Amino acid sequence: LMYFGTSQGLHEYDGVSWRSLFNSKEVVGILSFAKDAKDRIYYAGQDFGYLEVDPSGETKAVSLLHLIPEERRSNFLALDIHYLKGFLLLRTRDHY
């Protein structure tokens, strides 16, 4: 599977067909993806978090934005996300 983030949301391509994973108000403005050592996919943009598959087989976004200090959340934008030796690294428009 391949994942694509756009201003309209998060999309999945399986080599044959496209599928929008969320309604456009849930996860939008995705600019970057990273994968950790356990193959978990992380996303970053106007939100950041990871993707997980629920028991019914649906892909869900789990936001980690609550980990950002509250005073920095209102205009949060992560330009890049990287996984390195057990750490997630975010490059934001305010701190790069």
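Shown above is the structure to which this text applies.
From a predicted model like this one, the values you see are computed outputs, not experimental measurements.

Novice: Tell me about the sheet that holds strand β3 (residues 18-20), residues and numbers included.
Specialist: Judged by pairing direction, the sheet is antiparallel, and its three strands sit side by side in the order β1-β2-β3 without closing on themselves. Among the strands making up the open sheet, the edge pair consists of β1 (2-6) and β3. Between one strand and the next, the sheet's axes are offset by a mean angle of 25°, whatever the strand orientation. Alignment of β1 against strand β2 (residues 9-13), held across five bridges, turns out to be antiparallel. Looking at the pairing, Gly5 lines up with Leu10 of β2.

Novice: Quick rundown of the environment of Lys85? Include the residues and the values.
Specialist: Looking at where Lys85 falls in the secondary structure, it is placed in the loop between β8 (78-84) and β9 (87-92). Separated by 48 residues in sequence, Lys85 and Ala37 place their C-alpha atoms 8.5 Å apart.

Novice: So what about a nonpolar patch on the surface? Which residues, and what values?
Specialist: A cluster of nonpolar side chains, namely Met2, Phe4 and Trp18, defines an oily patch on the protein surface of about 330 Å² accessible area. Positionally, Phe4 belongs in strand β1.

What counts as what
- Residues numbered from 1 in each chain as written.
- Predicted model: local features only at pLDDT ≥ 70, side-chain atom pairs only at ≥ 80, totals over all residues.
- Heavy atoms only, no water.
- Pairing = 2+ DSSP bridges.
- Helix = DSSP H or I, 4+ residues; strand = E, 2+ residues; numbered from the N terminus.
- Axes fitted to C-alpha atoms, helices over the stretch in contact; angles between N-to-C directions.
- Patch = residues over 30% accessible without salt bridge, like charges linked within 9 Å, V, L, I, M, F, W, Y side chains within 5 Å.
- Areas by Shrake-Rupley, 256 points an atom, 1.4 Å probe, with all protein chains shown as cover.
- Salt bridge = Lys/Arg side-chain N within 4 Å of Asp/Glu carboxyl O.

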